[in-house]
Amino acid sequence: MLPNETYDIVIVGAGPAGCTTALALKDTGLKVLMLEKAIFPRDKACGDSVSWVVKKVLNEINPDFAKELNILEPKTYINKARLYSPKNDNIDVSFSKIGYCIKRIDLDNWLFEKACKNPLLTVRQNVSVKNVDYIHNGIKLTTSVGETIYSKLVIGCDGANSIINRKLTNNKIDRKHHSGAVSQYIKNIKELDSSKLEVYFVKNFLPGYFWIFPLSATEANVGFGMLSETISAQNIDLKKSFYQIISSSPGVKERFENADFNGEIRGFGLPLGSKKRKISGNNFMLCGDAASLIDPFTGEGIERAMQSGKMAAEIAIKCFNENNFSDNFLKQYDEIVYNKVWKTFKEHYWLQQILGGREWLVNLFIKFANIPFIKKQIPKMFY
Ligand SMILES: Cc1cc2nc3c(=O)[nH]c(=O)nc-3n(C[C@H](O)[C@H](O)[C@H](O)COP(=O)(O)OP(=O)(O)OC[C@H]3O[C@@H](n4cnc5c(N)ncnc54)[C@H](O)[C@@H]3O)c2cc1C
């Protein structure tokens, strides 16, 4: 039997949310444990598009971190997107700030190693949280290796299937506010531009999109995602549909004629931020996918995972300063998170609803996207 342990804070999950929380808690003197069920470097199904906000969050925590991300290789520098309508019209949109495409195995491992450099942080990999219970004055976690860990504050950064969310809130998966997506690494795609995200709105597969996100001049992360409500209503097999788009969709199929399908196709759920949830309570906060903070239109969640991780660390410090871990006190976390994201999420949900499923409208939208007012709105869809 392993000994029981006590920490001020336990971060569950070492993805972008967990590692950012740990980085933002460095130098606080608090005794922090980060538990991770995988072993790093670990991969995660993703599109690998990393918005400029990621660098901004790192810069706010420590400008050196942002500088190090600047020189992290390999990556591509993204300054535009091309959107294709179901009729195959297209429009190019430039971004005012540069984003990146970085394989998640590289980005997450870099963040993880950075977080682990803090000597006051204890990190355990290959350990999964199996149970969560309230005890007097805190939370008791039981792990896959039989430990019992006590903590005043638990920060749930454990992704889309978060056990912290499941055990401590009444939040349920709502398919209207949830997507499914698959992705694969593919080489030798024709006409790949390493500075451009490509998004195809495909006939019969709305609301959702097919993407080609470049990782080099020859390799891309290629994927396809749809709203879960539509996936179940139409009984859609995402993997089959992905290959169907690649093999038969006009404008797409030509580009994959000589493609090299090396990587494994992987899928995962995306809890979207288009519905407000309770993301804190007595002795806990949720960040990133555990808090359902994925953009309802673009499907991007790395930046929100990191923003919410940083905010959770700031509120955690307040909790210890005021020795208050109550539901009422922690409500301020929900407030600052939703103050940051809700306006954009509401607008992007609106876009998803208006364009989603209405093929003629997407065709019209992209056909007339050169009209200055429309063109001005498009970069906002992404970042
Ligand atoms: C196919 C697909 C494409 C996507 N494309 C993009 C994109 O291009 N750009 C973008 O910004 N976002 C994208 N997203 C969303 C993005 O992947 C997530 O928003 C992001 O990973 C959230 O980070 P996180 O730290 O909250 O969770 P995660 O990255 O999922 O990390 C959670 C961590 O918790 C660990 N964990 C889970 N359960 C436990 C447990 N019980 N005990 C201990 N540890 C646990 C996991 O092993 C994992 O390491 C995509 C998602 C999918 C599915």
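Residues numbered from 1 in each chain as written. Predicted model: local features only at pLDDT ≥ 70, side-chain atom pairs only at ≥ 80, totals over all residues. Heavy atoms only, no water.

A.B. asks: Looking at this structure, how should I read the sheet that holds strand S13 (residues 219-227)?
C.D. replies: For sheets, the rule is that strands pair by backbone hydrogen bonds, running either parallel or antiparallel. The eight strands lie next to each other as S3-S5-S4-S11-S12-S13-S10-S14, forming an open sheet whose pairing is mixed. Each edge of the open sheet is held by one strand with a lone partner, namely strand S3 (49-50) and strand S14 (266-271). When S3 meets strand S5 (residues 90-101), the two strands line up antiparallel, connected through two bridges. Bridge pairing in S5 links Val50 to Tyr100. Contacting strand S10 (178-187), strand S12 (208-214) and S13, helix H7 (residues 238-248) crosses the sheet at an angle of about 50 degrees to S10. (Pairing = 2+ DSSP bridges. Helix = DSSP H or I, 4+ residues; strand = E, 2+ residues; numbered from the N terminus. Contact = heavy atoms within 4.5 Å. Axes fitted to C-alpha atoms, helices over the stretch in contact; angles between N-to-C directions.)

A.B. asks: Explanation requested: the site of the ligand in the structure shown.
C.D. replies: Taken together, 37 residues lie around the ligand, and Glu36, Arg42, Gly47, Ser49 and Asp289 are the ones closest in. Within the side chain of Asp289, a nitrogen or oxygen atom sits 2.7 Å from an oxygen atom of the ligand. When the free accessible area of the ligand is taken as 1,000 Å², the share hidden by the protein chains comes to 94%. Secondary-structure elements contributing two or more residues to the shell around the ligand are helix H1 (16-24), S12, S14 and helix H8 (302-322). Tallied by class, residues from the shell around the ligand come to 19 nonpolar, nine polar and nine charged. (Near = heavy atom within 4 Å. Polar contact = N/O pair within 3.5 Å; in protein donor to acceptor, adjacent residues only side chain to side chain. Areas by Shrake-Rupley, 256 points an atom, 1.4 Å probe, with all protein chains shown as cover. Nonpolar A, V, L, I, M, F, W, Y, C, P; charged D, E, K, R; others polar.)

A.B. asks: In this structure, what is going on with the nonpolar core? I would like to understand it.
C.D. replies: Buried together is how nonpolar side chains tend to be arranged in soluble globular proteins. Of all hydrophobic cores here, the largest spans 76 residues; its most connected members are Ile9, Leu58, Leu141 and Ile164. Among the elements that take part in this core, H8 stands out by supplying ten residues, more than any other. Once you skip the residues sitting within four places of it in the chain, Leu141 turns out to touch Val10, Val12, Leu35, Val129, Asn131, Val132, Glu147, Thr148, Ile149, Val154 and Ile164. If you look at the next biggest cluster of nonpolar residues, it comprises 29 residues, including Tyr185, Val199, Leu272 and Ala369. (Core = buried A, V, L, I, M, F, W, Y, C linked by side-chain atoms within 4.5 Å. Buried < 20%, exposed > 50% of the residue type's maximum accessible area, 1.4 Å probe, protein only.)

A.B. asks: Even after reading the chapter, I still don't get the side chain of Gln352, so can you show me in this structure?
C.D. replies: Along the polypeptide, Gln352 turns up in helix H9 (residues 327-355). Within the local environment of Gln352, its side chain forms a polar contact with the side chain of Gln353, the two groups lying 2.9 Å apart. For Gln352, the residues in contact, after removing those within four places along its chain, are Pro207, Leu227, Leu272, Pro296 and Phe297.

A.B. asks: For this particular structure, what's the right way to read empty space enclosed by the protein?
C.D. replies: Where empty space is left becomes clear once a probe the size of a water molecule has been rolled over the atoms. Applying the stated criterion across every chain yields a total of two cavities of 30 Å³ or more. Estimated volume of the second largest cavity: approximately 30 Å³. Around the second largest cavity, the lining residues are Leu293, Arg304, Gln307, Ser308, Met311, Val337, Lys340 and Val341. Listed by contribution, the elements that provide at least two residues to the lining of the second largest cavity are H8 and H9. In the lining of the second largest cavity, the residues fall into four nonpolar, two polar and two charged. (1 Å grid on protein atoms, 1.4 Å probe; cavity = no way out; pocket = protein on both sides within 12 Å on 5 of 7 lines; lining within 4 Å. Points joined across faces, edges and corners; volume = space filled by probe spheres on them.)

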